[in-house]
Every structure is written in C-alpha cells, then in structure tokens.
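Remarks on the overall topology
Single-letter residue listing:
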Amino acid sequence: MLLLIFSGLISCAEKREEPVQNLAIIPQPAGVIQTDDTFYLNNKTKIGCSGELESKAAYLADFLGTATGFNLEIIEESGKRNVISLSLDSSLKDLGEEGYKLEVQRKRIDITAFSESGIFYGMQTLRQLLPVQIESKKIVAEFHSWTIPCVSLTDHPRFTWRGLMIDCSRTFWSKETIKRYIDLLAFYKMNILHLHLVDDQGWRIEIKKYPELTNLGAFFPEKYDEPAERHGFYTQNDIKELVRYALERNVTIIPEIEMPGHVLSALSVFPELSCGGGPFEIHPFFEGPGIHEDIYCAGNEEVFRFLESVLDEVIQLFPAEYIHIGGDEAPKDRWEKCPRCQRRIMVEGLKDESELQSWFIGRIEKYINQKGKKLIGWDEILEGGLSETASVMYWRGWLTQVPKEVVEQGNNLIMSPTSHCYFDYDYAAISTEKVYEFNPVPEGLEDSLRHLILGGQANFWSHIDRTEQGLDKQIFPRILALSEVLWSPMEVRSWERFENKLQTHDIILEESGVDSYRKSESNGK
Ligand SMILES: [Zn+2]
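Residues numbered from 1 in each chain as written. Predicted model: local features only at pLDDT ≥ 70, side-chain atom pairs only at ≥ 80, totals over all residues.

Turning to its location among the elements, I257 is positioned in strand 12 (residues 252-259). Considering only alpha carbons, one finds I257 and G326, 69 residues apart in sequence, at a separation of 6.5 Å. (Helix = DSSP H or I, 4+ residues; strand = E, 2+ residues; numbered from the N terminus.)

Laid out in structure tokens, this is it:
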C-alpha cells in the first residue's frame, strides 16, 4: 500500500511508468469514475478563474505552493492547457450549495459548482487526489512534477449539518488549536464547529458589558494549580478572527451559551442570579459534583436582563443562523424551594418546574427570534413542552424514541447520540467502525419527515482528555468515519474500502501534525 501511495510522487524521467493510483478520498464522493490517465502538476501549471473566485484561486495557489514550491500564476482563462480552472455554473443548482463537479483530464482540470462552497469542496477533493506529501509544510524539492489521477467526479452532501462540538469550558483550547481544527474539519468537508463556551468550569467568551465574567469566571482558583493553558477566554477580537477564518473554509461556528443550568462560572461572579444567593466558586471538573444544583433563578427578572445583554453581544459576533442555548441537565431542586420561582409558576399558570424550564427557554427563544436568529437546545428542551420553532440536538442515546418524537412535532433535529457521536468516550465503547455504522435517519421514519433531520455531529467533552494530544487522539480517526456518514450517500459507503483509505489518511494526518489514535494503537478501529 505504501509503495502505491508514494509512487504518486515521481520524477519526470519516470512518469510514463506511473501506475494508476488507488483513490483514497474521504468522504467518499457521491459519484466518481477513474480513467487510466494522469495530469502532471508542474511549475508551469496555472490556476484559471473569473474575478469572483479570485480568493478561492489564491487559497489554492497558496496551498499547492507550500509543498511543491511552485509559484502558480492565477489567470483569467478559457480552455487553455495545463490549467486548474475554477468556475461557477448556475446550471449545477441541483447539486446544491455545497455540491461540485471535478474533471481531471490529462491536459487540464476543471472544478465547477453552483456556489463558492462547492468550489472549495472541489479543491479539497483535488488535495486528496495528489500524493500525500502535498500536505507537507516544507517544500518537497526533489520532485518537479506531481501526479493527479484522471477522474470524472460529481459530488454533493447527504446532510447540511456536519459538525463537531468542542467543549472549551472544562478545558480552554487556544485560538491556534481551534484554527487547526477548522482546517482539519474543512479538509474532511465538515461544515459546523460548535463551541461550548459556557459551563460550570469557566466562562470563555468576553462580554464587554460584564468584564468580570471573564476576568473572574474564566480562571480556576490558584489552589487547584491548573496549568495556565487550560483556562482563559476568547476576546471578542479572537472570536471575530476565528469566525472569519472558519467562513473562508466553509465552516460555520455555532456558539453555545448554556442556560439555565451548567452556569456556575456565571453564578460565581453574579451569585444574585441564583435562587439562593451563593457564594459560589468554580473548580476543575473532578473537584466537585458533575451536575450542580445551583442554576439561574427563573423568577428573577435580572436573570433575563443579564442573558439578553449577553445574547446581544453574542448575536453580533456570530453570523450563524443558529444560537445554541444548552438547556441540558438543569436540576430543579432550587426552583422547587425558591419563592420567586414558585411565584413565576403560579403567575404564568404553569404545572410544575419542567414547564417552568420550558417557559424559560421559550422566553429566550422569542428574544433570539426577534434578533433574526434561531434557537437550538439539547434534547432536554422537550421536557415541559417544545416550542414549534426550536431545533433539537439529540444526545441521550438511551432515549431511543426522542428523534421520532421531535420530527413528528415538525421540529428540526441534529443527531449526536451518546451511542455513536461522543468522542470523549474511549474507543472500546465507540470504535471507528461503530461511528461508521451510524445512520442519522431513524429506522422507519416517514420520507416526508426526512428533511427535518439536518444532519449530525460529534461531541467532545473536555474533562478527561485535557491535552492537545488527547484531543487529537479522541477525535481522529473517528471524525473521518463521521464525515463519510454525513456526506456520502448510503449506497457508496463501504467499511472495507474506508479502512483501506485510512492507511493513506494515517500518513496525511501525520504530515498535518495530528496525533491520531491509530498512530499509537496498532488496532485503531
Ligand atoms: Zn428561583
């Protein structure tokens, strides 16, 4: 296998003996035909595009230049030889916003798509057709021609939501780490990065109106002796930089601002927003209870003034259509004993504390909707009644009836069950093969409801693996399996072929500096 892979990178003198390479594209394209011919990328190759695609052409020239050392010229072209041509084509509307066509012929390469996102994905596939050394961060100087096997490829995703959630609260991840992950997600055609920015262990996003939230709420007390890199926060400028970086790579960042539970970081700064008044102190995950009983007081108007001010700033920072408000694991013990919460239940004519949570989320949803955004919550937002417009992120894999229940009510659903999508679980519990077997569409679901399943995502909770190496190991290679689950049509999926492709991607990931699970384990299924 290695011989075949490396044989793709050859000197000019040898090139006519070049065997046809095995394709190792992840995720598997919807349709691909390979012919027995080769395009040779050399320092005379040009990138052709129209004006509107200049930034995409520049991205490609920059990427290809790193390992090849070629300074590829960008030209306005039509029909020339030795050109990689990028062009938009309105007749490809049926392939959707992210679909594309890639034609590699002996004399030229054409990437066409309905939108810029499709062009971007065509370029990612082209990257995967090149020899793996194209991912090198240094010039591979001894070669002056790079081979690309000739293919005719038409491709588009099965689902529009292809995500990864990273918990930035229990462990803070640097801006550089997040950028590295955006690059890796984009390479595998994943388009959502959900950042869990608030939890008991830390408030990780600067809110200008409440500087104390991060000055105090983003740092563990000294007595825990936590390494400096594990706490901290993103400034608003950091967030803007990350959002821009992601958008250039067709990745949308979804912010999650937890409520009403998992908010000890906020209550440690503003204890008056709880039912009992505190005081509270944040601590690393294993130093306290997993789930805290102290949550925002639903009977206190100050809580809503605070959350609306926070959301105002969050909405300004993230262009995403959706804001995630958490909504999970909020114990009702405090609300049961709090006179203000009980008064709220009475005044609003609610049955119990579950309905009080539903009322809380509904009030926040109205506010978010007024600002032109949509609300997503974890599947607990069903309890006490689900609004007609909220989208649900399904996580409690043991509640197998929930996915159908949600879509039968007409709500959008994103599938991230503990059974297949919890990448903080170890590989004995969720193997790469198990992830590969995942089907986000529940068995027996009526076709007319299928469109309500937006897609799926992996979740990584950062309380156990708290180093960058640990993060890599838990995410890779499972995210490659998920990318194929969420992108490729069911009929082209094959575990056997995927496993073979992984051998090539082991080398690509190594070149990219990823500490994959397969790197340390011989049996990395
Ligand atoms: Zn209360």
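We now examine the pairing of strand 6 (residues 108-113). Burial along strand 6 is one-sided: I109, I111 and A113 are buried, while R108, D110 and T112, pointing the other way, are not. One ladder, built from 6 bridges, connects strand 4 (residues 83-88) with strand 6; its direction is parallel. Its bridge partner being in strand 6, S87 is matched across the sheet by T112. Of the pairings in the sheet, the one linking strand 5 (residues 100-104) to strand 6 comprises 4 bridges and is antiparallel in character. Bridge pairing in strand 6 links L102 to I111. (Buried ≥ 20, exposed ≤ 12 C-beta atoms within 10 Å, placed from the backbone. Pairing = 2+ DSSP bridges.)

Below, the discussion takes up helix 11 (residues 353-370). The end-to-end C-alpha distance of helix 11 is 26 Å, a good match for the 26 Å that 18 residues give at a rise of 1.5 Å each. Inspection of helix 11 places E353, L356, Q357, S358, F360, I361, I364, E365 and I368 among the buried residues, and these make up the whole buried set. (Expected span 1.5 Å × (residues − 1).)

Attention now goes to the domain arrangement of the protein chain. The domain architecture assigned to the protein chain consists of domain 1 (2-155) and domain 2 (161-520). The gap between the C-alpha centroids of domain 1 and domain 2 is 35 Å. Across the contact, 14 residues belong to domain 1 and 20 residues belong to domain 2. At 5 residues, helix 3 (residues 116-129) tops the list of elements feeding residues into the side of domain 1 that touches domain 2. (Domains from an automatic or database assignment. Contact = placed C-beta atoms within 7 Å.)

What follows concerns the sheet that holds strand 17 (residues 453-460). Pairing is parallel in the closed barrel, where 8 strands are placed in the order 8-9-12-13-14-15-16-17. Across the sheet, the mean angle from the axis of one strand to that of its neighbour is 30 degrees, orientation sign disregarded. The sheet contact formed by strand 8 (residues 161-167) and strand 9 (residues 192-196) spans 5 bridges and is parallel. Each residue of the ladder has a partner; that of D167, found in strand 9, is H196. Sheet strands touched by helix 15 (residues 478-487): strand 8 and strand 17. Its angle to strand 17, the strand with the most contacts, is close to 175 degrees. (Axes fitted to C-alpha atoms, helices over the stretch in contact; angles between N-to-C directions.)

Turning to the sheet that holds strand 2 (residues 46-49), a few remarks are in order. One open sheet holds the 7 strands; their spatial order is 1-7-5-6-4-2-3, and the pairing between them is mixed. Here the strands that pair on one side only, and so sit at the sheet edges, are strand 1 (31-41) and strand 3 (73-75). Neighbour-to-neighbour, the strand axes of this sheet turn through a mean angle of 20 degrees, independent of strand direction. In this fold helix 2 (residues 54-68) packs onto strand 1, strand 2, strand 3, strand 4 and strand 7 (146-155), with an angle of close to 165 degrees to the strand it touches most, strand 2.

Our next topic: the packing of helix 4 (residues 175-187) against helix 6 (residues 236-247). In contact at an axis separation of 10 Å, helix 4 and helix 6 are set at 15 degrees when each is read in the N-to-C sense. Here helix 4 lies roughly parallel to helix 6, going by the angle between them. Classified by chirality, the crossing of helix 6 by helix 4 is right-handed. On helix 6, the residues that touch K175, I178, K179 and I182 of helix 4 are D238, E241, L242, Y245 and A246. Broken down by class, the residue content of the contact of helix 4 with helix 6 amounts to 5 nonpolar, no polar and 4 charged. (Parallel < 35°, antiparallel > 145°, perpendicular 65-115°, else oblique. Left-handed = near helix turned anticlockwise from the far one by under 90°. Nonpolar A, V, L, I, M, F, W, Y, C, P; charged D, E, K, R; others polar.)

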